[in-house]
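Here is how the chains run, residue by residue.
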Amino acid sequence: MTTFTLKRFDVGNSEHINAHDMLMREAFNTTPERNAELRAMTGHEGIYFLCEGTDIVASINAQRCEQYISGKLFTCWMVAAVAVKQEKRGKGIGTHLWEYLFHEARELGISLI
């Protein structure tokens with residue numbers, strides 16, 4: 001059985017930068033320069049990788065925000081830029097990514113995604 005783990009993006013880790021660039025290029029046809037701009041605009045704190053063993057197979061960007069609902073303030077994540085390696089698409093990787101992200105949100109006290 002394959003083991004999956006969720007890792008936070010580390011802006012100082014060149015392997016993470018290269019993996020994120022590759023995933024974004026495959027999913028959205030963006031250049032490394034554009035990806036660096038997007039990371040700077042949205043912040044790298046909300047970028048997560050799904051790893052299959054030691055292989056980074058997907059990424060997701062969960063941007064922290066706040067939302068009032070019925071007069072009560074909730075901490076939320078807005079999700080953008082979900083990317084899965086081409087050869088892994090259609091194999092449930094995205095489902096695993098979302099499951100791990102939901103677990104992480106609960107651990108961090110995030111109310112809504």
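Going by the structure above, here's the rest.
Engineer: I tried to follow the pattern of salt bridges on my own but got confused; where do I start?
Structural biologist: Between side chains of opposite charge, pairing is possible as soon as their charged atoms come close. Counted under the stated rule, the structure contains four salt bridges. One salt bridge in this structure joins Asp55 and Lys85, with 2.8 Å as the shortest N-O distance. Here Asp55, found in strand S3 (residues 55-69), pairs with Lys85, found in the loop between strand S4 (72-84) and helix H3 (93-108); they are 30 residues apart in sequence, far enough to count as distant.

Engineer: Help me understand the environment of Leu38, please; the structure alone is not making it clear to me.
Structural biologist: If you trace the backbone, Leu38 turns up in helix H2 (residues 32-42). Here Leu38 falls in the partly exposed class, since its relative accessible area comes to 21%. Remark: the alpha-carbon pair of Leu38 and Ala81, spanning 43 residues in sequence, is separated by 10.0 Å. Excluding its chain neighbours within four sequence positions, the residues that come into contact with Leu38 are Met24 and Gly43.

Engineer: Before we go on, may I ask you to explain the environment of Thr5 in this structure?
Structural biologist: Inspection of the secondary structure assignment puts Thr5 in strand S1 (residues 4-8). Judged by its relative accessible area of 34%, Thr5 falls in the partly exposed class.

Engineer: Help me understand unusual backbone geometry, please; the structure alone is not making it clear to me.
Structural biologist: Backbone geometry follows two general trends: most residues other than glycine have a negative phi, and most peptide bonds adopt the trans configuration. The residue Ser70 is not glycine, and still its phi comes out positive at about 55°. Residue placement: Ser70 occurs in the loop between S3 and S4. On the accessibility criterion, Ser70 (80% relative accessible area) is exposed. With a phi angle near 55°, Ala81 is a residue other than glycine that sits in the positive phi range.

Engineer: Just to check I follow, could you spell out the nonpolar core for this structure?
Structural biologist: A general feature of soluble globular proteins is that nonpolar side chains tend to end up buried together. Formed by 14 residues in total, the largest nonpolar core has its most connected members in Leu50, Ala58, Trp77, Ile93 and Leu101. At the level of secondary structure, the elements contributing two or more residues to this core comprise strand S2 (47-52), S3, S4 and H3. Setting aside its immediate chain neighbours within four residues, Ile93 contacts Phe4, Leu50, Val57, Ala58, Val84 and Lys88.

Engineer: What is the right way to read helix H1 (residues 14-28) from this model?
Structural biologist: Working note: α-helix, 3.6 residues per turn, so residues spaced by three or four point in the same direction. Between its first and last C-alpha, H1 extends 20 Å over 15 residues, near the 21 Å set by a 1.5 Å rise per residue. Taken together, the buried positions of H1 are His16, Ala19, His20, Asp21, Met22, Leu23 and Met24. For H1, the secondary structure elements touched by its buried residues are S1, H2, S2, S3 and S4. Phi for Asn29, located one or two positions after H1, is positive at around 60°.

Quick notes on the rules
- Residues numbered from 1 in each chain as written.
- Predicted model: local features only at pLDDT ≥ 70, side-chain atom pairs only at ≥ 80, totals over all residues.
- Heavy atoms only, no water.
- Salt bridge = Lys/Arg side-chain N within 4 Å of Asp/Glu carboxyl O.
- Helix = DSSP H or I, 4+ residues; strand = E, 2+ residues; numbered from the N terminus.
- Buried < 20%, exposed > 50% of the residue type's maximum accessible area, 1.4 Å probe, protein only.
- Contact = heavy atoms within 4.5 Å.
- Core = buried A, V, L, I, M, F, W, Y, C linked by side-chain atoms within 4.5 Å.
- Expected span 1.5 Å × (residues − 1).

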